[in-house]
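Listed here are the chains, written in short residue letters.
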Amino acid sequence: MSLVIGEISYTNILPFFYHLDREKLKEANCHFTPQVPAQLNKAMAADQVDIGGISSFAYAANAGAYTLLPNLSVTSYGNVNSIFLFSKHPIEQLAAKKIALTSSSATSVHLLKIILEHFYSLDVQYTTMKPDFTEMLREHDGCLLIGDDAIRAKRELPDNLYSYDLGEIWYKQTGLPMVYAVFAVRNEAISKQAELVGTVYQSFLASKQLSEELNYQPMIADIVKTHGGSEDFWNLYFQQLCNDFGETEQRGLLYFYRLAYQLGYLKHPVDKLVIWDSVLIKKMLANNEM
Ligand SMILES: C=C(O[C@@H]1C=C(C(=O)O)C=C[C@H]1O)C(=O)O
């Protein structure tokens, strides 16, 4: 029995991974695979990754095959600070303009399309590219970057460019949080090895809780060393992200799915989320079945 754990290679997912007892999980035959979200989405759809963080859009595209893990997400109520449309023109003037989209995202590219099409009534031309800010803007009017690529570009943004935080726009337009990443597990992995899935789930939850209790220290000190930026920036970044997945976050996500379906980005409507039963998990733990 073994499980492949997908690990999004951006700092925003760190609260779930920083305090994991990786040695213990490796001894239990878990393997970690760090990749950008679009690659993890693909790998999970191809049965190469069993459990972990994926783009929330990828859950909707594979809803029948995956189950969501409760209380875990990467969400923002307003500014997300790492998902930006950078543009040579004000957003209202983007009709028929050319936008380069990062190839590492699934949620944010659809979020941008929904924002421009549904909220701004703009028809825009899109090209998908590797997340290279300079290359993307060479022949395009704007570009979408996410994660650490977006944080770096925003830090060094030339004065003549506009930047739009997609989390902020979504919240202003809908009054709802935006869920970028969810934690999912392939249904097959639950049916074959529920105990190990439970152990991994509890480990993610414990890491998240400890991260919150410690106010994201010392994680932030490590991030400053590896990614630069100030402690103040990262403190605010993690304070503004929400890692819960309760009723309001789920409502925001379902509204995103509704618009994605209406605009033709999802083949099937998703109006229900299948979430692993946390009561059952607790019972299994209490009975020492995990
Ligand atoms: C907040 C972010 O959320 C990420 C955005 C994703 C996407 O657009 O598909 C996927 C996973 C999240 O970790 C970010 O990368 O900045």
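Residue positions within a chain follow its written sequence, with the count starting from 1. Confidence filtering applies because this is a predicted model: local features only for residues at pLDDT of at least 70, side-chain atom pairs given and counted only at 80 or more, and all residues used for totals across whole chains, interfaces and linings.

> Before we go on, may I ask you to explain the site of the ligand in this structure?
By definition, a residue lies near a molecule or strand when the C-beta atom built from its backbone is within 6 Å of it. As a structural note, the neighbourhood of the ligand is formed by 19 residues, with S55, S82, S105, S108 and Y180 the closest of them. Contributing elements (two or more residues each) for the shell around the ligand: α4 (107-119), α6 (147-155) and β10 (178-186). Residues are grouped as follows: Ala, Val, Leu, Ile, Met, Phe, Trp, Tyr, Cys and Pro are nonpolar; Asp, Glu, Lys and Arg are charged; all remaining types, including Gly, are polar. Taken together, the residues of the shell around the ligand sort by class into twelve nonpolar, seven polar and no charged. How far each domain reaches was decided by an automatic or database domain assignment. A domain split of the shell around the ligand shows at least three residues from each of domain 1 (3-76 + 179-286) and domain 2 (83-174). Helical segments are the DSSP runs of H or I of at least four residues, strand segments are the runs of E of at least two, and each set is numbered from the N terminus.

> Any chance you could explain the pairing of strand β6 (residues 98-102) here in plain terms?
Note on strand geometry: in a regular strand, side chains alternate between the two faces of the sheet. Buried residues are those with 20 or more other C-beta atoms within 10 Å of their own C-beta, exposed residues have 12 or fewer, and partly exposed residues lie in between; C-beta atoms are placed from the backbone. With four of five residues buried, β6 lies mostly within the body of the structure. Here, any two strands with at least 2 DSSP bridges between them count as paired. Relative to strand β7 (residues 125-129), β6 runs parallel, the two sharing five bridges. Among the inter-strand pairings, L101 is bridged to a residue of β7, identified as T128. You can see the chain leave β6, run along α4 and come back into β7, and the turn it takes is right-handed. Relative to strand β8 (residues 142-146), β6 runs parallel, the two sharing three bridges. Orient the strands so they point away from the viewer, and a crossover whose first-strand-to-second-strand path over the helix runs clockwise is right-handed.

> Sorry if this is basic, but what is going on with the sheet that holds strand β2 (residues 30-35) here?
The strands that make up a sheet pair up through hydrogen bonds in the backbone, lying either parallel or antiparallel. As summarised here, the arrangement of the six strands in space is β2-β1-β3-β10-β4-β11, forming an open sheet in which the pairing is mixed. Both edges of this open sheet fall to β2 and β11 (241-242), since each of them pairs with a single strand only. Relative to strand β3 (residues 51-55), helix α2 (residues 37-45) is tilted by about 125°, and along the sheet it contacts β1 (3-8), β2, β3 and β10. By the criterion used throughout, residues are in contact when their C-beta atoms, derived from the backbone, lie within 7 Å. Between N-to-C directions, angles span 0 to 180 degrees; the directions come from axes that are lines fitted to C-alpha atoms, helices contributing only their stretch in contact.

> Explain the environment of F16 to me, please; I cannot follow it from the model alone.
Its place among the elements puts F16 in the loop between β1 and α1 (22-27). Separated by 58 residues in sequence, F16 and V74 place their C-alpha atoms 9.9 Å apart. Residues in contact with F16, not counting those within four places in the same chain, are G53, L72, F204, S207 and K208.

> Can you walk me through the domain arrangement of the protein chain in this structure?
As far as domains go, the protein chain holds domain 1 (3-76 + 179-286) and domain 2 (83-174). Once you take the C-alpha centre of each, domain 1 and domain 2 turn out to be 24 Å apart. Every contact between the two is made by 20 residues of domain 1 and, on the other side, 17 residues of domain 2. Mapped onto the side of domain 1 that touches domain 2, the elements with two or more residues apiece are α2, α3 (56-61) and α11 (247-262). Looking at the side of domain 1 that touches domain 2 residue by residue, the class counts come to twelve nonpolar, eight polar and no charged.

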